[in-house]
Amino acid sequence: LLTVTLFLSTLTPKFYFALTVTSSFISGLIFVFEWWHFRKYGTSFIEQVSVSHLRPLIGGAENSPPAPAAFSAGENETSRQNMPECKVWRNPLNLFRGAEYSRYMWVTGKEPLTYYDMNLSAQDHQNFFTCDTDALRPSDTVMQKAWRERNPQARIKAAYQALELNNDCATAYVLLAEEEATTIVDAEKYFKQALKAGEMIYRKSQNCHSQSPQHEAQLRRDTNVLVYVKRRLAMCARKLGRIREAVKMMRDLMKEFPLLSMLNIHENLLEALLELQAYADVQAVLAKYDDISLPKSAAICYTAALLKARAVSERFSPETASKRGLSTAEINAVEAIHRAVEFNPHVPK
């Protein structure tokens, strides 16, 4: 700043005025372009450029969140500690593409997902459901191409081609459950078929995973598929009203695969427990996952704010508070609400 100030002091008044007008004009153009880009694509152009191009140049890529994939115990803990808080976080695949996102589009005529969302989910699909050994199984080779397809109908067609090659292709059933099924009931049927096929493939991979690095990579992928399918079945159970069954399925899954936290199963568990009004259990889950070293999310922040506000809301009186001031518990509740809104202001009031 001192250098800039000294430089400006040496300029003539006319040149300084011209420089000021030019910078204001350029700022105005940038503002108009940013507004147009956001209206057209639903994303910030400046943010995309910063994340994609500028951040790696200034060394931000070293601490950027790793792409979701199966981790070993050491890798998982290290990545969690190095993962910075990120305002634009991946949607943890909480809704079904065909049964929920598409239904919203049919009813409102609006696209529920931006290109940015679609790109992130495509990356997740490829990281979860493909690996370097796909060439060993013809059906997996077809599915590897399917997950890269942008056209939903082409993806669905490829899934059926994979099933013609191998009727036990778990990822093909996953794609059909996600995108062809138009109801949760239909999605659950596909996921049950995916579970049957996934468990069989997972057992085979377990028996030969130590033979080579390629087989180990295959086991990681098959583990991802199995955990993903079980989580989706638990979500189906909850959406179909079988909430206690869903809670049990999620708890069992978290015990069986404690290191696979990238699917955010604990957030689905929080939703189900809140629906049961099991607030003590919700607090127990929050105590484990609402930690400073873990990446935050809207589900975590808003649930924590809800519980803290709920603890003081029944006895809260604005008139009394204005006279005596806020208590410690009330201050904590207000801070939790601010934390949640600052993290993600796009949650309905």
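Procedures and definitions
- Residues numbered from 1 in each chain as written.
- Predicted model: local features only at pLDDT ≥ 70, side-chain atom pairs only at ≥ 80, totals over all residues.
- Heavy atoms only, no water.
- UniProt positions renumbered as here; feature names shortened; annotations may be inferred.
- Helix = DSSP H or I, 4+ residues; strand = E, 2+ residues; numbered from the N terminus.
- Buried < 20%, exposed > 50% of the residue type's maximum accessible area, 1.4 Å probe, protein only.
- Contact = heavy atoms within 4.5 Å.
- Areas by Shrake-Rupley, 256 points an atom, 1.4 Å probe, with all protein chains shown as cover.
- Salt bridge = Lys/Arg side-chain N within 4 Å of Asp/Glu carboxyl O.
- 1 Å grid on protein atoms, 1.4 Å probe; cavity = no way out; pocket = protein on both sides within 12 Å on 5 of 7 lines; lining within 4 Å.
- Points joined across faces, edges and corners; volume = space filled by probe spheres on them.
- Nonpolar A, V, L, I, M, F, W, Y, C, P; charged D, E, K, R; others polar.
- Core = buried A, V, L, I, M, F, W, Y, C linked by side-chain atoms within 4.5 Å.
- Domains from an automatic or database assignment.
- pLDDT = per-residue confidence, 0-100.
- Patch = residues over 30% accessible without salt bridge, like charges linked within 9 Å, V, L, I, M, F, W, Y side chains within 5 Å.
- Axes fitted to C-alpha atoms, helices over the stretch in contact; angles between N-to-C directions.
- Parallel < 35°, antiparallel > 145°, perpendicular 65-115°, else oblique.
- Left-handed = near helix turned anticlockwise from the far one by under 90°.

The name that an unreviewed UniProt entry assigns to the chain is Suppressor of tumorigenicity 7 protein-like, with the source organism given as Pandion haliaetus. UniProt, in its Subcellular location (unreviewed entry) section for the chain, records the words "Membrane".

*Asks:* Explanation requested: the overall build of the chain in the structure shown.
*Replies:* Helices and strands together make up the secondary structure of the chain, namely 17 helices and zero strands. Counting every position in the chain, which comprises 349 residues, the buried fraction comes to 38%. Long-range pairs, those at least 24 residues apart, make up 61% of the contacts in the chain between residues at least 6 apart in sequence. Of the accessible surface of the chain, which amounts to about 20,900 Å², a share of 58% is contributed by carbon and sulfur atoms.

*Asks:* Teacher, can you tell me more about the pattern of salt bridges here?
*Replies:* Oppositely charged side chains can form a pair if their charged atoms are brought close together. One pass over the full model with this rule turns up 16 salt bridges. Where Glu256 meets Lys230, a salt bridge forms, and the shortest distance between an N and an O atom there is 3.2 Å. One end of the pair, Glu256, is in helix α12 (residues 243-256); the other, Lys230, is in helix α11 (residues 213-239), with 26 residues separating them in the sequence. When its relative accessible area of 45% is taken as the criterion, Glu256 is described as partly exposed. When the shortest N-O distance is used, the salt bridge between Glu271 and Arg238 registers 3.0 Å.

*Asks:* Even after reading the chapter, I still don't get empty space enclosed by the protein, so can you show me in this structure?
*Replies:* One pass over the full model with this rule turns up one cavity of 30 Å³ or more. In this model, the largest cavity occupies a volume close to 120 Å³. What lines the largest cavity is a set of 15 residues, among which Arg137, Asp140, Ala170, Ile201 and Asp222 lie closest to the centre. Counting residues per element, the lining of the largest cavity draws most heavily on α11, at four residues. Of the residues in the lining of the largest cavity, the class split is six nonpolar, four polar and five charged.

*Asks:* Help me out: how do you make sense of the nonpolar core in this one?
*Replies:* General note: in soluble globular proteins, nonpolar side chains tend to be found buried as a group. Ranked by size, the top nonpolar core spans 64 residues in total, and within it Phe96, Met143, Val174 and Phe191 carry the most contacts. For this core, the element with the highest residue contribution is α11, accounting for eleven residues. Looking at this core, you find at least three residues from each of domain 1 (100-263) and domain 2 (283-348). Once residues lying within four places of it in the same chain are set aside, the contact partners of Phe96 are Tyr101, Glu178, Ile184, Ala187, Phe191, Arg232, Met235, Cys236 and Lys239. Counting residues in hydrophobic clusters, the runner-up holds five residues, among them Ala305, Ala336, Ala340 and Phe343.

*Asks:* Help me understand the confidence of the model for the chain in this model?
*Replies:* Predicted coordinates in regions of low pLDDT should not be interpreted in detail. Residues at a pLDDT of 70 or more form 73% of the chain, whose mean pLDDT is 80. Segment residues 58-81: pLDDT under 50, and 38 contacts once partners within four positions in sequence are set aside and those in other chains are kept. In this model residues 83-87 is a low-confidence stretch, pLDDT under 50, and it forms twelve contacts with partners more than four residues away in sequence or in other chains.

*Asks:* Help me out: how do you make sense of unusual backbone geometry in this one?
*Replies:* Both trends apply: most residues other than glycine have a negative phi, and most peptide bonds are in trans. Of note, Gln277 is a non-glycine position whose phi angle comes to about 60°, a positive value. Counting through the fold element by element, Gln277 comes out in the loop between α13 (265-275) and α14 (279-289). When its relative accessible area of 56% is taken as the criterion, Gln277 is described as exposed.

*Asks:* Would you explain a nonpolar patch on the surface in this entry?
*Replies:* Residues Phe316, Leu326, Ile331 and Val334 make up a contiguous nonpolar surface patch of about 300 Å² in total accessible area. Within the fold, Leu326 resides in the loop between α16 (318-324) and α17 (328-343). Taking the relative accessible area as the measure of exposure, Leu326 reaches 40% and is therefore partly exposed.

*Asks:* Where do I start with the packing of helix α9 (residues 170-180) against helix α10 (residues 184-208) in this structure?
*Replies:* When two helices pack together, their arrangement is given by the angle between their axes and by how far apart the axes lie. Relative orientation of the contacting elements α9 and α10 amounts to 165°, with a least axis distance of 8 Å. As far as their axial angle goes, α10 and α9 are roughly antiparallel. Seen along the crossing, α9 lies across α10 with a hand that is left-handed. Counting all contacts with α9, which are made through Ala170, Tyr173, Val174, Leu176, Ala177, Glu178 and Glu180, the residues of α10 involved are Ala187, Tyr190, Phe191, Gln193, Ala194, Ala197, Gly198 and Ile201. For the contact of α9 with α10, the class distribution of residues is eleven nonpolar, two polar and two charged.

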